Amino acid sequence: MTVETNGEDVRVIGIPRALLYYRYGVLWETFFRSLGLEVVVSDPTDRAVLAAGEAVSSDESCLASKVFMGAVANLIGRCDAVFIPSYASASPREGFCTKYQGAPDMAANTFRDQKLRVLSLLVEHLDKPREIEEAYIDLGKRLGAPANVAKRAYKAALKAQKVADDSRAKAQEQLLRQLKQQRAAADGEAPLAILVVAHPYIGHDPFMADPVLDALREAGACIIFADETDHGHAFKKSFEFTDTMPWVTNRELIGSILLLQDQIDGIVLISAFPCGPDSMTDDAIMRCIEGTPILNLLIDAQSGTAGIQTRIESFTDILRFHRRGGYLHE
């Protein structure tokens, strides 16, 4: 089974709730609905979805890839075709992990016996908006829409995604202002401000992130998500940290740290085992980000919650002691 080039008979599009869905999900859903198609998103990640993905994945696949494969499996029989874009992103400083490039063929061939239909498009350069627009217009035409209709659908989708991104960035700014005011008025008793640094497909997937986020909230922390910082500002800021890093999302996360470091009490890094880009990025952050305590957490399919709870309790106790000046020396 190969990725399909024609989808004029497709009426129901399935979208896996994994990987780039957490970055472009609004765009994708708006685009297809604007073309008059029904959209079905895979069920939220749970143990069954992960188990289905593990059953068809190699042991070396990262946890996020296994969840993705489980999400694809969850859509079989529920839609006419599954949408899985290929984000090769050949731009030197705006690339993605290779799993995004090979995802369409990986899914199509893994589920060939189930006759899975995969519709895709290719994005090679994130810094060339016209190229991306043309890829979506071509996809719309393959789905039977006239070029002008496909173009309007893409414009509407792009606007919806920008509104969603801007809304999250503004909400983050408001939260940080509130925390600043609370800190000024509470004489050191304001909630701890914790910057959670994780790919969106981890930080906003309750199955993967909630054990960490729940433990932070139980410890009295207020959570700020690094991926909700304005992407453009964070990307630009990241060049103060490194000129050579090739992964756009990791750049944005690092840029967010640099932009927000003076407004937070601590940083929690969350990575899915065994993510190659994160293994390099997290090591660089741990070695080079100074002045802010950092907790590095690695999650996998066998992770329990007891260890996470203990580590976060210890971390937040240290942050409170640090806030009171316990680790400051004249």
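Parameters and conventions
- Residues numbered from 1 in each chain as written.
- Predicted model: local features only at pLDDT ≥ 70, side-chain atom pairs only at ≥ 80, totals over all residues.
- Heavy atoms only, no water.
- Helix = DSSP H or I, 4+ residues; strand = E, 2+ residues; numbered from the N terminus.
- Rg over C-alpha atoms; globule rule 2.2 N^0.38 Å.
- Buried < 20%, exposed > 50% of the residue type's maximum accessible area, 1.4 Å probe, protein only.
- Contact = heavy atoms within 4.5 Å.
- Areas by Shrake-Rupley, 256 points an atom, 1.4 Å probe, with all protein chains shown as cover.
- Lys, Arg positive; Asp, Glu negative; His and termini not counted.
- Charge placed at Lys NZ, Arg CZ, Asp CG, Glu CD.
- Core = buried A, V, L, I, M, F, W, Y, C linked by side-chain atoms within 4.5 Å.
- Expected span 1.5 Å × (residues − 1).

Enquirer: Lay out the overall build of the protein chain with the relevant residues and their values.
Expert: Per the secondary structure count, the protein chain includes 12 helices and 10 strands. Its C-alpha atoms give the protein chain a radius of gyration of 21 Å, within 12% of the compact-globule value 20 Å for 330 residues. In terms of its C-alpha atoms, the protein chain occupies a principal-axis envelope of roughly 70 × 40 × 35 Å. Counting across all 330 residues of the protein chain, residues that qualify as buried make up 52%. Restricting to contacts in the protein chain with at least 6 residues of sequence separation, those with at least 24 account for 75%. A total accessible area of about 15400 Å² is found for the protein chain, and carbon and sulfur atoms account for 51% of it. Each charge class in the protein chain was averaged separately, 35 positive and 45 negative side chains, and the resulting centres sit 5 Å apart.

Enquirer: Account for the nonpolar core, naming residues and giving values.
Expert: If you look at the biggest cluster of nonpolar residues, it comprises 84 residues, and the most contacted ones within it are Trp28, Phe32 and Tyr87. When residues of this core are assigned to their parent elements, the largest contribution, eight residues, is made by helix α3 (residues 63–75). Contacts of Trp28, omitting those with residues within four sequence positions, involve Ile15, Leu20, Tyr21, Phe83, Pro85, Tyr87 and Tyr136. Counting residues in hydrophobic clusters, the runner-up holds 20 residues, among them Val197, Ala226, Ile267 and Ile285.

Enquirer: Mind laying out helix α10 (residues 248–260), listing which residues take part and the relevant values?
Expert: The terminal C-alpha atoms of α10, which comprises 13 residues, lie 18 Å apart, in line with the 18 Å expected from a rise of 1.5 Å per residue. With 11 of 13 residues buried, α10 lies mostly within the body of the structure. Listed in full, the buried residues belonging to α10 are Val248, Thr249, Asn250, Arg251, Glu252, Leu253, Ile254, Gly255, Ser256, Ile257 and Leu260.

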